[in-house]
Amino acid sequence: MATYRLSTPLRDEDVEGLRVGDTLYVSGVLVSARDAAHARMLELLREGRPLPVDLRGGVIYHAGPVAKREGDGWRIIAMGPTTSARMEAFEADVIEKLGVKLIIGKGGMGRRTAEAMRRHKAAYAIFTGGAGVLAARAIRKVLDVHWLDLGMAEAMWVLEVEDFGPLTVMIDSTGRNFYDEAREKMRAKVPELVKELGDVFKA
């Protein structure tokens, strides 16, 4: 397992080198989006309308901040990840149609997203849950915020980050999915566990 430091915009070759278990730090532009923002992105695409930010080669962070207004700008106080499964219904289309190369969140994503990552050379990495203040320390500047009508947490925040991480790669561009592998291993152990429990009750 290796450690990588990547800068946006990400290229196919940047992502192709990543493997499940690798550690990653990201610098450059990071865009937050939760389920409401994902739904709006795809709605705009269906209507043929432009998004407020170009996501080709970009990074999406499943998160909503605690943010404070300071003059004409904002300061991010904390920004921990939200559960990525909430975005499963949207993410494959976002990867395919918008050219996103890295998704950051927590808790893993499903097979449809993993397959889109395999086909379009993208990856998924997790950030430690409950470490929102740590995440905020890597945010150098709020470049913009869109769709505040959705609420502060659901808005799309465009952030300048430096060494955002540590992130752990959980789905890589080969389609390998740590969470699917873990589930399969557990399923394989079920008969053995059932037998062991049966032996305990017989004793």
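Structure: see above.
The rules we used
Residues numbered from 1 in each chain as written. Predicted model: local features only at pLDDT ≥ 70, side-chain atom pairs only at ≥ 80, totals over all residues. Heavy atoms only, no water. Helix = DSSP H or I, 4+ residues; strand = E, 2+ residues; numbered from the N terminus. Buried < 20%, exposed > 50% of the residue type's maximum accessible area, 1.4 Å probe, protein only. Axes fitted to C-alpha atoms, helices over the stretch in contact; angles between N-to-C directions. Parallel < 35°, antiparallel > 145°, perpendicular 65-115°, else oblique. Left-handed = near helix turned anticlockwise from the far one by under 90°. Contact = heavy atoms within 4.5 Å. Nonpolar A, V, L, I, M, F, W, Y, C, P; charged D, E, K, R; others polar. Phe/Tyr/Trp six-rings, centres within 6.5 Å; stacked < 30°, edge-to-face > 60°. Lys NZ or Arg CZ within 6 Å of the ring centre and 35° of its normal. Right-handed = clockwise from strand over helix to strand, strands pointing away. Pairing = 2+ DSSP bridges. Salt bridge = Lys/Arg side-chain N within 4 Å of Asp/Glu carboxyl O.

Turning to unusual backbone geometry, a few remarks are in order. Following threonine 8, the chain continues into proline 9 via a peptide bond in cis, with omega recorded as -5°. Counting through the fold element by element, proline 9 comes out in the loop between strand E1 (3-7) and helix H1 (12-16). Cis geometry is found at the peptide bond from glycine 165 to proline 166, where omega equals 5°. Its identity is not glycine, yet lysine 121 carries a phi of approximately 60°, on the positive side. Mapped onto the elements, lysine 121 comes out in the loop between helix H4 (111-120) and strand E7 (123-126). Phi is positive for tryptophan 147, which is not a glycine, with a value near 65°. Summarising the element assignment, tryptophan 147 is placed in the loop between strand E8 (139-146) and strand E9 (156-171). On the basis of relative accessibility, which here comes to 13%, the residue tryptophan 147 falls in the buried class.

Another aspect to go through is the packing of helix H2 (residues 35-46) against helix H3 (residues 88-98). Two numbers describe how H2 lies on H3: the axes approach to 10 Å, and their chain directions differ by 45°. Relative to H3, H2 is oriented oblique. Crossing hand, H2 versus H3: left-handed. Seen from H2, the contacting residues are Asp35, His38, Ala39, Met41, Leu42 and Leu45; seen from H3, they are Phe90, Glu91, Asp93, Val94, Lys97 and Leu98. Partitioned by chemical class, the residues of the contact of H2 with H3 number 7 nonpolar, 1 polar and 4 charged.

With that settled, consider the packing of aromatic side chains. The full count for this structure, using the stated rule, is 3 aromatic pairs. Clustering of aromatic rings is evident, with ring pairs tying together Tyr61, Phe127 and Phe164. It is arginine 5 that lies over the ring of tyrosine 25; its NZ or CZ is 4.3 Å from the centre.

Turning our eyes to something else, we now look at the pairing of E7. Of the two faces of E7, both are covered, the one formed by Ala123 and Ala125 as well as the one formed by Tyr124 and Ile126. Traced from strand E6 (residues 102-105) through H4 to E7, the parallel crossover comes out right-handed. Of the pairings in the sheet, the one linking E7 to E9 comprises 3 bridges and is antiparallel in character. Across the sheet, isoleucine 126 pairs through a bridge with threonine 168, a residue of E9.

On to the pattern of salt bridges, then. With the rule as written, the count across this model stands at 16 salt bridges. Linking glutamate 13 and arginine 11 is a salt bridge whose minimum nitrogen-to-oxygen distance equals 3.6 Å. Judged by its relative accessible area of 46%, arginine 11 falls in the partly exposed class. Among the ionic pairs, arginine 40 bridges to aspartate 149, the shortest N-O distance being 2.8 Å. Taken together, the residues span a long stretch of sequence, with arginine 40 in helix H2 and aspartate 149 in the loop between E8 and E9 at a distance of 109 residues. In this structure, a network of salt bridges that share partners links the residues Arg34, Asp35, Arg86 and Glu154.

None of this, on its own, says anything about what the molecule does.
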